[in-house]
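Architecture at a glance
Single-letter residue listing:
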Amino acid sequence: MGVLDGKAAVVTGAGRGIGRGHALQLAKAGAAVVINDIDSEVAAEVVAQIKALGGKAVANTGNVGDKPGADSIVAACVEAFGKIDIMMANAGIARDRTFLKMTEEDFDSVMNIHVKGTFLCHQAAALQMKEQGSGGCLVSTVSAAHFGNFGQVNYAGAKGAIASMTYTMA
């Protein structure tokens, strides 16, 4: 019996890296997991891996960076598993450029996925948890990059913003 038996979770950016690791660990602990990733092939691979271990998972390709996408991610969890208990906002991208060479598009794309995506996904999940009357858990992925990382003013700024938003939401 896992400590998360009967729980339903979403992991954004779950197709690769840290997000994939989070999703696998949640499933091993008994949670049913929505594997959100913009790459449908890698999302399907993670779903297959979880199912091969005897777990429950579904794929979702909703865009974390806009409200309809974030809402669709939470709706996918409720549709597949009847509720949402855990939202792990992990999706992220890197657009490495030195400060003087970084474009506005490089900056905006990272901020949209990391900061806006975290905000929108957590808000959508929290509103659903409130409607369910169950509460739940909101988890944000942050790295030490927010202390400064050469060539990543956008990424470091996004991680700092996520840390500050998380402190405030708590």
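Each remark here, short or long, concerns the structure printed above.
The paragraphs below set out a description of the structure included in this document. (Residues numbered from 1 in each chain as written. Predicted model: local features only at pLDDT ≥ 70, side-chain atom pairs only at ≥ 80, totals over all residues. Heavy atoms only, no water.)

Looking at the overall build of the protein chain
Scanning the protein chain from terminus to terminus reveals five helices and five strands. Written out in order from the N terminus, the α and β elements of the protein chain read β-α-β-α-β-α-β-α-β-α. The C-alpha atoms of the protein chain give 16 Å as radius of gyration, which agrees with the globular expectation for 170 residues (15 Å, within 12%). In terms of its C-alpha atoms, the protein chain occupies a principal-axis envelope of roughly 50 × 30 × 25 Å. By the burial criterion, 44% of the 170 residues in the protein chain qualify as buried. Long-range contacts, defined here as pairs at least 24 residues apart, represent 62% of the contacts in the protein chain between residues at least 6 apart. By element, 57% of the accessible surface of the protein chain is carried by carbon and sulfur atoms, the whole surface being about 8600 Å². Distance between charge centres in the protein chain, computed from 14 positive and 15 negative side chains, equals 6 Å. (Helix = DSSP H or I, 4+ residues; strand = E, 2+ residues; numbered from the N terminus. Rg over C-alpha atoms; globule rule 2.2 N^0.38 Å. Buried < 20%, exposed > 50% of the residue type's maximum accessible area, 1.4 Å probe, protein only. Contact = heavy atoms within 4.5 Å. Areas by Shrake-Rupley, 256 points an atom, 1.4 Å probe, with all protein chains shown as cover. Lys, Arg positive; Asp, Glu negative; His and termini not counted. Charge placed at Lys NZ, Arg CZ, Asp CG, Glu CD.)

A few points about the pairing of strand β2 (residues 32-36)
Each regular strand carries side chains that alternate between the two faces of the sheet. Among the five residues of β2, five are classified as buried, and the element is accordingly described as predominantly covered. Neither face of β2 is open: one carries Ala32, Val34 and Asn36, the other Val33 and Ile35, and all of them are buried. Bridge count between strand β1 (residues 8-12) and β2: five bridges; the pairing is parallel. Bridge pairing in β2 links Val11 to Ile35. Between the parallel elements β1 and β2, the chain passes through helix α1 (residues 17-28) in a crossover that is right-handed. Inspection of the sheet shows β2 paired to strand β3 (residues 57-60) by four bridges, in the parallel sense. Within β3, the position partnered with Asn36 by the bridge is Asn60. Each parallel crossover has a hand, and for β2 linked through helix α2 (residues 40-52) to β3 it is right-handed. (Pairing = 2+ DSSP bridges. Right-handed = clockwise from strand over helix to strand, strands pointing away.)

With respect to α2
An ideal rise of 1.5 Å per residue puts 18 Å on 13 residues; α2 measures up with 18 Å between its terminal C-alpha atoms. Within the sequence span of α2, burial applies to Val42, Ala43, Val46, Val47 and Ile50. End-on view of α2: buried residues confined to an arc of 145 degrees, all on one side of the axis. Residues of α2 that are exposed and point over 90 degrees away from its buried face: Glu41, Lys51 and Ala52. Of the surrounding secondary structure, the elements contacted by the buried residues of α2 are α1, β2 and β3. (Expected span 1.5 Å × (residues − 1). Arc of directions from axis to C-beta.)

What to know about the pattern of salt bridges
Across all of its chains, the model carries four salt bridges by this definition. With its nearest N and O atoms 3.0 Å apart, the salt bridge here joins Arg16 to Asp39. Of the two residues, Arg16 is situated in the loop between β1 and α1 and Asp39 in the loop between β2 and α2; the sequence distance between them amounts to 23 residues. Given the relative accessible area of 49%, Arg16 is considered partly exposed. With a shortest N-O distance of 3.2 Å, Lys83 and Asp85 are connected by a salt bridge. Residue Lys83 is classed as partly exposed on the basis of its relative accessible area, which comes to 26%. (Salt bridge = Lys/Arg side-chain N within 4 Å of Asp/Glu carboxyl O.)

Describing the sheet that holds β1
What the five strands build is an open sheet, ordered β3-β2-β1-β4-β5; its pairing is parallel. Every interior strand has two partners, whereas the edge strands, β3 and β5 (137-140), have only one. Adjacent strand axes in the sheet meet at a mean angle of 15 degrees, parallel and antiparallel pairs treated alike. Pairing between strand β4 (residues 86-89) and β5: four bridges, direction parallel. In the strand pairing of β5, Ile86 is matched with Cys137. (Axes fitted to C-alpha atoms, helices over the stretch in contact; angles between N-to-C directions.)

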